[in-house]
Amino acid sequence: MTGVSRSPVSDQPSSAEVPPRRLDGSMSLLVDVMTNTLDEAYAARAAQKRGTGGGSSAPAPRGARPGRLPGVLVLVLLGLLTGTAVAHVRDRAQAAEGLRSDLAEEVRGRSAETDRLEAAAAALRSEVAATRDIALEADAAGSRVGERLRALELASATVPVRGPGVVLTIADAEQDPTLGTDVRLRGGSPLDGRVLDRDLQVVVNGLWAAGAEAVTINGVRLSSRAAIRSAGEAVLVDFRPLSPPYRLEAIGRPASLEVDFVDSQAGRFLESLSSFSGITWTLDRSERLTMPAATEPQLRAARPEEPS
Amino acid sequence: MIPALALLVGVVLGLLLQPTVPAALQPYLPIAVVAALDAVFGAVRAQLDGIFDEKVFVVSFVSNVVVAALIVFLGDQLGVGGQLSTGVVVVLGIRIFSNAAAIRRHLFNA
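Owing to the predicted nature of the structure, the values given are computational and were not obtained by experimental measurement.

K.L.:
For this particular structure, what's the right way to read the overall build of chain A?
P.N.:
Looking only at helices and strands, chain A features 7 helices and 8 strands. Sequence separation of 24 or more characterises 72% of the internal contacts of chain A that already satisfy a separation of 6 or more.

K.L.:
Mind showing me how you'd approach the overall build of chain B here?
P.N.:
Each helix and strand in chain B was counted, giving 4 helices and 0 strands. Taken over 110 residues, chain B has a buried fraction of 36%. When contacts within chain B are restricted to residue pairs at least 6 apart in sequence, those whose partners lie at least 24 apart make up 65%.

K.L.:
I'm lost on the interface of chain B and chain A in this one. Help?
P.N.:
Much of the literature gives interface size as the accessible area that the parts lose upon coming together. Contact residues are listed per partner, giving 45 residues for chain B and 36 residues for chain A. Where the side of chain B that touches chain A is concerned, the elements lending two or more residues are α1 (2-17), α2 (29-49), α3 (54-78) and α4 (81-108) of chain B. Ranked by residue count, the leading element in the side of chain B that touches chain A is α1(B), at 12 residues. The class makeup of the residues in the side of chain B that touches chain A is 28 nonpolar, 10 polar and 7 charged.

K.L.:
Where do I start with the sheet that holds strand β5 (residues 234-237) of chain A in this structure?
P.N.:
Sheet strands pair by backbone hydrogen bonding; their relative direction is either parallel or antiparallel. Residue and element names in this part refer to chain A. Judged by pairing direction, the sheet is antiparallel, and its 3 strands sit side by side in the order β4-β5-β6 without closing on themselves. Each having just a single partner strand, β4 (228-231) and β6 (240-242) make up the two edges of the open sheet. Within the sheet, the average angular offset between the axes of one strand and its neighbour, ignoring direction, is 40°. Two strands pair when backbone bridges link them, and β5 and β6 are joined in this way by 3 bridges, in the antiparallel orientation. Pairing of Val-235 across the sheet is with Leu-242, part of β6.

K.L.:
Just checking my understanding: could you explain unusual backbone geometry for this structure?
P.N.:
Residues apart from glycine generally show negative phi values, whereas peptide bonds are mostly found in trans. Residues and elements named next belong to chain A. In the Ramachandran plot, Asn-218 falls in the positive-phi region, its phi being about 45° despite a non-glycine side chain. Residue placement: Asn-218 occurs in the loop between β2 (214-217) and β3 (220-221). Even without a glycine there, the phi angle at Phe-239 is positive, about 70°. Considering the arrangement of structural elements, one finds Phe-239 in the loop between β5 and β6.

K.L.:
Help me out: how do you make sense of the confidence of the model for chain A in this one?
P.N.:
Should the pLDDT be low somewhere, the predicted coordinates at that spot are not to be read in detail. All names here are of chain A. With 78% of its residues at a pLDDT of 70 or more, chain A has an overall mean of 78. Contacts from residues 1-16, a stretch scored under 50 in pLDDT, to residues over four places away or in other chains number 28 contacts. Low pLDDT, under 50, characterises residues 54-66; the stretch is placed with 8 contacts to residues that sit more than four places away or in other chains.

K.L.:
Sorry, what's going on with the sheet that holds strand β8 (residues 280-291) of chain A here?
P.N.:
Residues and elements named next belong to chain A. Ordered by their spatial adjacency, 5 strands build an open sheet running β3-β2-β7-β1-β8, and the pairing between neighbours is antiparallel. If you trace the sheet from one side to the other, it starts and ends with β3 and β8, each paired once. Note that strand β1 (residues 161-171) and strand β7 (residues 246-251) share 6 bridges and pair antiparallel. Looking at β7, one finds that Val-166 is bridged to Ala-250. Running over the sheet, helix α6 (residues 254-263) touches β1, β7 and β8 and is turned about 30° from β1.

K.L.:
I'm lost on the packing of α3(B) against α4(B) in this one. Help?
P.N.:
Describing two packed helices takes the angle between their axes plus the distance from one axis to the other. Residues and elements named next belong to chain B. Their axes nearest at 7 Å, the elements α3 and α4 cross at an angle of 155°. If you check the angle between α3 and α4, you find them roughly antiparallel. Between α3 and α4 lies a crossing whose hand is right-handed. Facing α3, whose interface residues are Ala-68, Ile-71, Val-72, Gly-75 and Asp-76, α4 presents Gly-81, Gln-83, Leu-84, Ser-85 and Val-88. Taken together, the residues of the contact of α3 with α4 break down into 5 nonpolar, 4 polar and 1 charged.

Criteria and thresholds
- Residues numbered from 1 in each chain as written.
- Chains lettered and ligands numbered in written order.
- Predicted model: local features only at pLDDT ≥ 70, side-chain atom pairs only at ≥ 80, totals over all residues.
- Helix = DSSP H or I, 4+ residues; strand = E, 2+ residues; numbered from the N terminus.
- Contact = placed C-beta atoms within 7 Å.
- Buried ≥ 20, exposed ≤ 12 C-beta atoms within 10 Å, placed from the backbone.
- Nonpolar A, V, L, I, M, F, W, Y, C, P; charged D, E, K, R; others polar.
- Pairing = 2+ DSSP bridges.
- Axes fitted to C-alpha atoms, helices over the stretch in contact; angles between N-to-C directions.
- pLDDT = per-residue confidence, 0-100.
- Parallel < 35°, antiparallel > 145°, perpendicular 65-115°, else oblique.
- Left-handed = near helix turned anticlockwise from the far one by under 90°.

Right, dumping it as structure tokens:
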């Protein structure tokens, strides 16, 4: 039923059989690959044996032949090859996995260390501030300098603060779960319905304009030097990546903050965002908000003391 | 029966011993396995066709493995190793499938 020689097999398309002109002449290589799958040596060898041997021309001599061993050895070799290849591929996958988890472990360790050091720095800073305050309280000039220093510290976000204010929560539009996870597959942009860095910039500016004295986004205190940017699809605030929903806290007089913000251009912008893109937002008053200091201030400009 | 056992023994040996393959040869191992599988399927089909021959099997096995590895090696040297191994896998895959179909027709008459 299956041809083993060069002549085409009966159950293949007959075009390969017509001698005058093969319709698929230009595809003979493919046809050959498809039809001529058995090594021709088998047929040749069989024909040879049939021609010379004659005596033991029984088809498929099995078992008792002396040439059995090489075949078995070859099969063991094939098994060995397969097993080795599988083992190697697994090894490589494991090595890659191990490397990745090692790196993740190191990242976690380092960020824990950073957090610890930041906490230690904050404690030391407050100790310095307390000692300085005590020293400045000593005389009238000193306490005036202390007043001014406290105002500057508040403005530059170098000290933790607490007080009443408002909490503004902004969340991405809800994705329709029936449409699959990757919006790109449906021809949309991954930024559709997402809160972008520039949205947050507008909102934060609105909060400042409405009289906020201190602002945090997801717990990151904004100083005058903090940037709200994006890298890829992540929003970075002061170079720290944040994920939605975004919780903006602003300390100030709650009533006027709320009214002024909603009335402001930023408030109207937020309203239009929510009606066009489905972004949701809520604004609540809060009696007690606590905010950490912004990242360690760096000395940017210094001036030598005037010789007196 | 014996061939199947031999195959199994080989696989277990390979998995357990994990012989160290020289790093230079590692990329050719999977291709060699596919080429060897082609020879084995051809042998099974020849057996069912009644024209199996030990010598042809061994020679085709070894030459298949060597030629497949050589083709891919050459491809690597020329910078088309990935494409060539794809080509080898496609051709050998087609042959394996057609031989498997022939074997199936023999065994199940379907």
